[in-house]
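Coordinates in review
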Amino acid sequence: MIESRTMASNTLYGNDLFPYPAIEIGSSVESFEGVRTSTRIIAAHRSARGGDWCEIFSLENGLIAVSIGDVCGHGPVAFDPMVAIRAMIRDAAYDGLDPAAVLTAANEFICARESELFATAIFGVLNAQLGTFTFVSAGHPPPLLAGAGGAKFLSSQHPDYPLGLAPIFLPRTVVTSVPMETLLVLYTDGVTEHERDVLRGEAQLFAAAIEIERDGSLPTATAIAEHMGLEDSNHDDAAILTAWIPYATSRARVR
């Protein structure tokens, strides 16, 4: 099924091949399996559309899929490719592929177009009952975990590369423990590079996650964006995705 969709999409990035709603700027707060999630997408220069995406959706057996990415370029010109790649990743996940196979299929999809397009991405599966997050990165900034004990970036010891750079994609699957009462944050580089200083941006995100994690009632993605000044202006598209893992006895409700 993945191959047929890929071949059918070789001549078109438009939305008519994909039934899922297009992602534009905006925010959302939802609950999946008792896990409170939030997203915030901001296009560059106050545009209505951009090339960054983030979304969360349910899979079988109570698993939660997490998808985030950044298509090269920004603003409206990056929008259609973003929608196609995002839909490809979602289709692959719904077909039951694991995170490594999902991003491998996305890489094949991009490379089959023989274009100069590339994208960074993370696709992962959150198991709230086991307290694990299994993910694969393709040249994307590392996730961040924040809890009572502080925060840490989930950086890999092995390099990974963006989708679309080469037909051969060698994914490395990372499985990490996500303790209860923990905030998981995924983001695009438009978040940490909004002041064109990556180290400063990472420090700001680190501090924002720790501060906002203490108040689980906040719509955390929007709160992080506001804390970092992303709502004022941004030279690049930006996306933030968060998942709050509740205490075991309260997993049936939203904190």
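This text follows the structure it describes.
My aim in this report is to walk through the structure given alongside it, one point at a time. (Residues numbered from 1 in each chain as written. Predicted model: local features only at pLDDT ≥ 70, side-chain atom pairs only at ≥ 80, totals over all residues. Heavy atoms only, no water.)

What follows is about the sheet that holds strand S4 (residues 64-71). Strands sit in the order S3-S4-S5-S6-S9 across an open sheet of 5 strands; the sheet is antiparallel. Single-partner strands in this sheet number two, and they are strand S3 (52-58) and strand S9 (173-177). Neighbouring strand axes in the sheet, compared pairwise and without regard to direction, differ in orientation by 15° on average. Relative to strand S5 (residues 119-127), S4 runs antiparallel, the two being bridged by 8 bridges. Paired with Gly 69 across the bridge in S5 is Ala 121. Across the sheet, helix H2 (residues 79-94) is in contact with S3, S4 and S5; its angle to S3 comes to roughly 25°. Across the face of the sheet, helix H3 (residues 99-111) comes into contact with S5, strand S6 (132-138) and S9 while running at roughly 25° to S6. (Pairing = 2+ DSSP bridges. Helix = DSSP H or I, 4+ residues; strand = E, 2+ residues; numbered from the N terminus. Axes fitted to C-alpha atoms, helices over the stretch in contact; angles between N-to-C directions. Contact = heavy atoms within 4.5 Å.)

Another aspect to go through is the layout of surface pockets. Estimated volume of the second largest pocket: approximately 220 Å³. Grouping the constituent residues of the lining of the second largest pocket by class yields 5 nonpolar, 5 polar and 3 charged. (1 Å grid on protein atoms, 1.4 Å probe; cavity = no way out; pocket = protein on both sides within 12 Å on 5 of 7 lines; lining within 4 Å. Points joined across faces, edges and corners; volume = space filled by probe spheres on them. Nonpolar A, V, L, I, M, F, W, Y, C, P; charged D, E, K, R; others polar.)

With their axes 9 Å apart at the nearest point, H2 and H3 run at an angle of 140° to one another. On the basis of the axis angle, H2 is oblique to H3. When the axes of H2 and H3 are compared, the crossing they make is right-handed. Judged by residue contacts, Ala 84, Ile 85, Met 88, Ile 89, Ala 92 and Ala 93 of H2 engage Val 102, Leu 103, Ala 105, Ala 106, Phe 109 and Ile 110 from H3. (Parallel < 35°, antiparallel > 145°, perpendicular 65-115°, else oblique. Left-handed = near helix turned anticlockwise from the far one by under 90°.)

Right, let's get into the packing of aromatic side chains. Under the definition given, this model contains 4 aromatic pairs. Seen in terms of ring centroids, Phe 133 and Phe 135 are 5.1 Å apart; in terms of plane orientation they differ by 20°. Their pairing is stacked. The class for Phe 135 is buried, based on a relative accessible area of 3%. Taking 6.5 Å as the distance between ring centres and 70° as the angle between the ring planes, the aromatic pair formed by Phe 153 and Tyr 187 counts as edge-to-face. With a gap of 34 residues between them, Phe 153 in strand S8 (residues 150-153) and Tyr 187 in strand S10 (residues 182-187) connect regions that are remote in the sequence. Owing to a relative accessible area of 23%, Phe 153 belongs among the partly exposed residues under this scheme. Overall, the relative accessible area of 1% leaves Tyr 187 in the buried class. Through successive ring pairs, a cluster of aromatic residues spans Phe 153, Tyr 187 and Phe 206. One Lys or Arg, Arg 90, reaches over the ring of Phe 57 and ends 4.4 Å from the middle of that ring. (Phe/Tyr/Trp six-rings, centres within 6.5 Å; stacked < 30°, edge-to-face > 60°. Buried < 20%, exposed > 50% of the residue type's maximum accessible area, 1.4 Å probe, protein only. Lys NZ or Arg CZ within 6 Å of the ring centre and 35° of its normal.)

Bringing the side chain of Asn 127 into the picture now. Turning to its location among the elements, Asn 127 is positioned in strand S5. Reaching out from Asn 127, the side chain makes a polar contact with the backbone nitrogen of Leu 130 at a distance of 2.9 Å. When near neighbours in sequence (up to four residues on either side) are disregarded, Asn 127 contacts Leu 63 and Thr 132. (Polar contact = N/O pair within 3.5 Å; in protein donor to acceptor, adjacent residues only side chain to side chain.)

Turning to the pattern of salt bridges, a few remarks are in order. Enumeration over the complete set of coordinates arrives at 2 salt bridges. With its nearest N and O atoms 2.9 Å apart, the salt bridge here joins Arg 90 to Glu 55. A residue pair is termed long-range when its members are at least 10 positions apart, and Arg 90 in helix H2 and Glu 55 in strand S3 qualify at 35 residues. Here the salt bridges share partners, and the residues they tie into one network are Glu 55, Arg 86 and Arg 90. (Salt bridge = Lys/Arg side-chain N within 4 Å of Asp/Glu carboxyl O.)

Quick look at the packing of helix H5 (residues 198-213) against helix H6 (residues 220-227) now. Across the interface, H5 lies against H6 with an axial gap of 10 Å and an inter-helix angle of 135°. Taken together, the axes of H5 and H6 are oblique relative to one another. The handedness of the crossing between H5 and H6 comes out as right-handed. Contacts from Leu 205, Ala 208, Glu 211 and Ile 212 of H5 reach H6 at Thr 220, Ala 223, Ile 224 and His 227.

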